[in-house]
Amino acid sequence: MLRQALLIASRSGGVRKLVETAPFTRDVVKRFVAGEGVDDAMRAIEALTAEGLLVTLDVLGEDTLEAGQAESTVKAYVELLNRLNGAELGRRAEVSVKLTALGQSFDEDLALENARRICTAAKQAGTTVTLDMEDHTTVDSTLKILHELRRDFPGTGAVIQAYLRRAEEHCAELAYEGSRVRLCKGAYAAPEEVSFTDKDEVDKSYVRCMKVLMAGKGYPMLATHDPRLIDIAGALAVLNEREADTFEYQMLYGIRPAEQRRLAAQGAQMRVYVAYGQEWYGYFMRRLAERPANLGFFMRSLVSK
Ligand code: FAD
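Conventions adopted
Residues numbered from 1 in each chain as written. Predicted model: local features only at pLDDT ≥ 70, side-chain atom pairs only at ≥ 80, totals over all residues. UniProt positions renumbered as here; feature names shortened; annotations may be inferred. Axes fitted to C-alpha atoms, helices over the stretch in contact; angles between N-to-C directions. Helix = DSSP H or I, 4+ residues; strand = E, 2+ residues; numbered from the N terminus. Parallel < 35°, antiparallel > 145°, perpendicular 65-115°, else oblique. Left-handed = near helix turned anticlockwise from the far one by under 90°. Contact = placed C-beta atoms within 7 Å. Nonpolar A, V, L, I, M, F, W, Y, C, P; charged D, E, K, R; others polar. Buried ≥ 20, exposed ≤ 12 C-beta atoms within 10 Å, placed from the backbone. pLDDT = per-residue confidence, 0-100. Near = placed C-beta within 6 Å. Core = buried A, V, L, I, M, F, W, Y, C linked by C-beta atoms within 7 Å. Pairing = 2+ DSSP bridges. Right-handed = clockwise from strand over helix to strand, strands pointing away.

As annotated in an unreviewed UniProt entry, the protein chain carries the name proline dehydrogenase and comes from Actinomadura barringtoniae. Word for word, the UniProt comment on the protein chain under Catalytic activity (unreviewed entry) is "L-proline + a quinone = (S)-1-pyrroline-5-carboxylate + a quinol + H(+)". Quoted verbatim from the Pathway (unreviewed entry) field of UniProt, the annotation for the protein chain is "Amino-acid degradation; L-proline degradation into L-glutamate; L-glutamate from L-proline: step 1/2."

Spelled out as structure tokens, the structure:
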């Protein structure tokens, strides 16, 4: 119930104002968000890659309703990718993009065109783009845009959310050679007709999806902080005789950093999802919804200030 309430709050303008203007918020947000500008992002990338970690960068923003705002997001990604190119970080850092930040909610063709521009800049920087998956109502449109982009940019990554009932079917469709697929549990509210709402059911779906991806010919990107699922991933890699460079683990910036380093030290490919920018509200609220301990951390900061 708390999770649902926080997810509803993540889309409420009133709560947003309250949280954004609270004096304590910034310190807490810093734990999950690398900063507001591209220089902050570059500092985070340099620190993480120096420790042997890979990075995927997200310019914060979503649910854009204006072409002008979508244009600003494209420019922010292109600026970042040019910086990666200049610093020769293209092999260690890629970008994650939310199509609703590029105009998907009001003009699908514009979102595709904008995504193409980001993919072009990524190609020049020697790296790739992964299309984040958002609210369940956007899945069909996102997969359609993914297939369009893959014609010219075959390395474009997809995301499958295990909490959706169609997840396993989508994994089977996407487990082909060269296909980069991130598997996550899913961070949005979705009705029972289309999603598993019980935590155990979501975990079981994650395992089924992981089995399909790890047995398939694509490149699985296993995004989870869940120790049980990480153990199962390791076992599936052995079972399917996968070398360490044929799949990767992914975790969010600020969550289980010691585990991120442990996996990298063992020789696994470990990618950290680093979000930055001013539009941190929705992202931050989803992190609170995922874990009561994160909420506790936030509440404690209220009383300690
Ligand atoms: P949870 O069920 O949240 O946690 C399981 C266990 O993990 C916990 O019991 C605990 O043991 C451990 N754990 C979790 N958090 C912590 C913590 N803070 N400290 C210590 N232990 C912890 N969602 C989308 O809907 N679309 C996307 O495109 C998307 N992209 C993502 C990209 C990456 C790289 C990652 C890591 C997540 C992404 N997500 C995305 C979010 C994802 O869907 C989940 O909401 C989020 O990862 C939490 O799920 P979990 O698998 O970590 O398991």
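1. A short note on the packing of helix α9 (residues 199-215) against helix α10 (residues 227-239)
As a packed pair, α9 and α10 sit with axes 10 Å apart at the nearest point and diverge in direction by 25 degrees. Judged by the angle between their axes, α9 and α10 are roughly parallel. Classified by chirality, the crossing of α10 by α9 is right-handed. Contact residues: α9 offers Asp 203, Tyr 206, Val 207, Met 210, Lys 211 and Met 214, while α10 offers Leu 229, Ile 232, Ala 233, Leu 236 and Ala 237. Across the contact of α9 with α10, the residue classes break down as nine nonpolar, no polar and two charged.

2. Some details on unusual backbone geometry
Of note, Glu 241 is a non-glycine position whose phi angle comes to about 50 degrees, a positive value. Note that Glu 241 resides in the loop between α10 and β7 (248-252). A residue is classified by how many C-beta atoms lie within 10 Å of it, and Glu 241, with 7 of them, is exposed. In the Ramachandran plot, Arg 256 falls in the positive-phi region, its phi being about 50 degrees despite a non-glycine side chain. In this fold, Arg 256 is placed in the loop between β7 and α11 (257-265). By C-beta crowding, Arg 256 is classed as partly exposed, having 16 other C-beta atoms within 10 Å.

3. A closer look at the confidence of the model for the protein chain
The predicted model of the protein chain has a mean per-residue pLDDT of 91, with 91% of residues at 70 or higher. Interface confidence in the predicted complex, given as ipTM, is 0.98; pTM for the same model is 0.92.

4. Topic: the site of the ligand
Asp 132, Cys 184, Thr 224, His 225 and Gln 250 are the nearest of the 23 residues found near the ligand. Of all elements in the fold, only β4 (158-161) and β7 reach the threshold of two or more residues within the shell around the ligand. With three residues, β7 is the single largest residue contributor to the shell around the ligand. Across the shell around the ligand, the residue classes tally to 11 nonpolar, six polar and six charged.

5. A look at the nonpolar core
In a soluble, globular protein the nonpolar side chains are often hidden away together inside. Within the largest apolar cluster, 87 residues are counted, with the highest numbers of intra-cluster contacts made by Tyr 77, Ile 118, Leu 183, Cys 209 and Val 274. A total of seven residues in this core trace back to one element, the largest contributor, which is helix α5 (residues 67-86). Leave out the neighbours within four places in its chain, and Cys 209 touches Ile 160, Ala 162, Ala 167, Glu 168, Cys 171 and Leu 183.

6. Describing the UniProt feature "binding site: FAD" (unreviewed entry) in the protein chain
The UniProt record marks Met 133, Gln 161, Lys 185, Gly 186, Ala 187, Lys 199, Thr 224 and His 225 with the feature "binding site: FAD" (unreviewed entry), using the residue numbering of this structure. Examined against the element boundaries, Lys 199 turns out to sit in helix α9. With respect to the helices and strands, His 225 occurs in the loop between β6 (219-223) and α10. Excluding anything up to four places from it in sequence, His 225 contacts Met 251, Ile 255 and Arg 256.

7. Examining the sheet that holds strand β8 (residues 270-276)
Taken together, eight strands build an open sheet; the order of strands is β3-β2-β1-β8-β7-β6-β5-β4 and the sheet is parallel. Looking at which strands have only one partner, the edges of the open sheet turn out to be β3 (129-131) and β4. In this sheet, neighbouring strand axes are inclined to one another by 30 degrees on average, regardless of whether the strands run parallel or antiparallel. Direction of pairing for strand β5 (residues 180-184) relative to β6: parallel, over a ladder of four bridges. Within the sheet, the bridge partner assigned to Val 181 lies in β6 and is Pro 220.

8. Observations concerning the environment of Arg 26
Position of Arg 26 relative to the elements: it lies in helix α3 (residues 25-29). For Arg 26 and Glu 108, which are 82 residues apart along the polypeptide, the C-alpha to C-alpha distance reads 34 Å.

9. Examining the UniProt feature "binding site: substrate" (unreviewed entry) in the protein chain
The feature "binding site: substrate" (unreviewed entry), as annotated in UniProt, sits at Lys 98, Arg 286 and Arg 287 in this numbering. Examined against the element boundaries, Arg 286 turns out to sit in helix α12 (residues 281-290). Sequence-distant contacts of Arg 286, defined by excluding residues within four places in its chain, comprise Ser 10 and Ala 187. Residue position: Arg 287 is located in helix α12.

10. Regarding the pairing of β7
For β7, the tally of buried residues reaches five of five residues, placing the bulk of the element in the interior. The two faces of β7 match: Glu 248, Gln 250 and Leu 252 on one face and Tyr 249 and Met 251 on the other face are all buried. Relative to β7, β6 runs parallel, the two being bridged by three bridges. The residue bridging Leu 222 from the neighbouring strand is Tyr 249, located in β7. Between β6 and its parallel partner β7, the chain crosses via α10, and the hand of that crossover is right-handed. Examined bridge by bridge, β7 and β8 share four bridges and lie parallel to one another. The partner of Met 251 across the bridge, within β8, is Val 272. For the segment spanning β7, α11 and β8, crossover handedness is right-handed.

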